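Okay, here's what each chain looks like letter by letter:
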Amino acid sequence: MANIKQQKKRVLTNEKRRIRNQAVKSELKTLVRKTREAVEAGDKELAETNLRAAARKLDVAVSKGVIHRNQAAQRKSKLAKRVNEM
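Residues numbered from 1 in each chain as written. Predicted model: local features only at pLDDT ≥ 70, side-chain atom pairs only at ≥ 80, totals over all residues. Heavy atoms only, no water.

Caption draft 1: Structural view of the packing of helix 1 (residues 5-41) against helix 2 (residues 44-64). Their axes nearest at 9 Å, the elements helix 1 and helix 2 cross at an angle of 160°. Relative to helix 2, the element helix 1 is oriented roughly antiparallel. For the element pair helix 1 and helix 2, the recorded crossing hand is left-handed. Side by side, helix 1 and helix 2 meet where Arg 20, Val 24, Glu 27, Leu 28, Leu 31, Lys 34, Thr 35, Ala 38 and Val 39 of the first sit next to Leu 46, Ala 47, Asn 50, Leu 51, Ala 53, Ala 54, Lys 57, Leu 58, Ala 61 and Lys 64 of the second. Counted by class, the contact of helix 1 with helix 2 contains 12 nonpolar, 2 polar and 5 charged residues. (Axes fitted to C-alpha atoms, helices over the stretch in contact; angles between N-to-C directions. Helix = DSSP H or I, 4+ residues; strand = E, 2+ residues; numbered from the N terminus. Parallel < 35°, antiparallel > 145°, perpendicular 65-115°, else oblique. Left-handed = near helix turned anticlockwise from the far one by under 90°. Contact = heavy atoms within 4.5 Å. Nonpolar A, V, L, I, M, F, W, Y, C, P; charged D, E, K, R; others polar.)

Caption draft 2: A look at the packing of helix 2 against helix 3 (residues 69-84). Two numbers describe how helix 2 lies on helix 3: the axes approach to 10 Å, and their chain directions differ by 175°. It follows that helix 2 is roughly antiparallel to helix 3 by the angle criterion. Contacts between helix 2 and helix 3 pair Lys 44, Ala 47, Glu 48, Leu 51, Ala 54, Ala 55, Leu 58, Asp 59 and Val 62 from the former with Arg 69, Ala 72, Arg 75, Lys 76, Leu 79, Ala 80, Val 83 and Asn 84 from the latter.

Caption draft 3: Spatial organisation of the nonpolar core. Among the nonpolar cores identified, the biggest contains 9 residues, and these are Leu 31, Val 32, Ala 38, Val 39, Ala 47, Leu 51, Ala 54, Leu 79 and Val 83. Broken down by secondary-structure element, the contributors of at least two residues to this core are helix 1, helix 2 and helix 3. Ignoring anything within four residues of it in the chain, the contact list for Ala 54 reads Leu 31, Thr 35 and Leu 79. By size, the runner-up hydrophobic cluster in this structure holds 7 residues, among which are Val 24, Leu 28, Leu 58 and Ala 61. (Core = buried A, V, L, I, M, F, W, Y, C linked by side-chain atoms within 4.5 Å. Buried < 20%, exposed > 50% of the residue type's maximum accessible area, 1.4 Å probe, protein only.)

What follows is the structure, given as structure tokens:
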């Protein structure tokens, strides 16, 4: 553990951020999985609504700095391609 006061504060804020980032990433994975499952099930309407929700959450994750904007763009593109191929 650090001895310097500022470093102790950084340890606490880093832990808060780590937990927040973990929650956001977990939610992203869930939404992407639900979209893929809807595509595999052949439910076009559900897939499109899940795609919109996933794309929105990806954009939020980018604005919070959880993931890089290019990674979000690639994920959205990949999902949209799967939904459009239905």
